[in-house]
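Analysis of the macromolecular model
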Amino acid sequence: MKFKMFSCKEISKVSCHEEELKGFDKLNYKMHLFMCDKCRKYVAGLKFVQEKFSSLLKRRSEINETKIKVLEDEILDRLKSKNGNE
Ligand SMILES: [Zn+2]
């Protein structure tokens, strides 16, 4: 197998699924990041955005679940009080 270094363009392509890289590709990737300042910054930025995005998504689904529950309770309470008082 011929050892071929990733180009900067290839790094930007594979960095989205970095954890799927195996063997030589993984080594290649790490080597490139070790030597290339530009790609290191790019990947760091990408990771930052991914983390922000996933935490935002997580928080959003939490909010939605709580909101739905609150709405449910509100509707039930309203129905109950209406039935009880009138
Ligand atoms: Zn590079």
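Bear in mind that the values here come from a model prediction, so they are computed numbers and not experimental data.

Some remarks on the nonpolar core
If you look at the biggest cluster of nonpolar residues, it comprises nine residues: Phe6, Ile11, Val14, Leu21, Tyr29, Leu33, Cys36, Cys39 and Val43. Going through the elements one at a time, α1 (8–14), α2 (23–35) and α3 (37–85) are the ones with two or more residues in this core.

Let's talk about the coordination of the zinc ion
Listed as protein donors to the zinc ion are Cys8 (SG), His32 (NE2), Cys36 (SG) and Cys39 (SG); their distances from the metal cover 2.0 to 2.3 Å. Donor residues binding the zinc ion come from one chain and are separated in sequence as C-x23-H-x3-C-x2-C.

Overview of the side chain of glutamate 18
Looking at the secondary structure, you find glutamate 18 in the loop between α1 and α2. At 2.6 Å, the side chain of glutamate 18 and the side chain of lysine 47 are in polar contact. In this structure glutamate 18 touches Tyr29, Lys30 and Lys47, once residues within four positions along its chain are discounted.

Some points on the pattern of salt bridges
Once the charged atoms of two side chains with opposite charge are near each other, the side chains can pair. Under the counting rule described, the total for this entry stands at five salt bridges. A salt bridge links aspartate 37 to arginine 40, with the shortest nitrogen-to-oxygen separation between them at 2.7 Å. Placement of both aspartate 37 and arginine 40 in helix α3 is noted, with a separation of three residues, approximately one turn of the helix. The exposure class assigned to aspartate 37 is partly exposed, which follows from its relative accessible area of 37%. Across the salt bridge formed by lysine 69 and aspartate 73, the nearest N and O atoms sit 3.4 Å from each other. Taken as a pair, lysine 69 and aspartate 73 lie in helix α3 at a separation of four residues, close to a single helical turn. Since its relative accessible area comes to 46%, lysine 69 is described here as partly exposed. Taking relative accessible area as the criterion, aspartate 73 reaches 34% and is therefore assigned partly exposed. Each of the salt bridges in this network shares a partner with another, and the network as a whole consists of Asp37, Arg40 and Lys41.

Describing the confidence of the model for the chain
Scored by pLDDT, the chain has a mean of 86; 92% of the residues are at 70 or more. Averaged over each element, pLDDT in the chain is lowest for α3 (86) and highest for α2 (93).

Rules and cut-offs
Residues numbered from 1 in each chain as written. Predicted model: local features only at pLDDT ≥ 70, side-chain atom pairs only at ≥ 80, totals over all residues. Heavy atoms only, no water. Core = buried A, V, L, I, M, F, W, Y, C linked by side-chain atoms within 4.5 Å. Buried < 20%, exposed > 50% of the residue type's maximum accessible area, 1.4 Å probe, protein only. Helix = DSSP H or I, 4+ residues; strand = E, 2+ residues; numbered from the N terminus. Donors = N, O, S within 2.8 Å, 3.2 Å for Na, K, Ca; no water. Polar contact = N/O pair within 3.5 Å; in protein donor to acceptor, adjacent residues only side chain to side chain. Contact = heavy atoms within 4.5 Å. Salt bridge = Lys/Arg side-chain N within 4 Å of Asp/Glu carboxyl O. pLDDT = per-residue confidence, 0-100.

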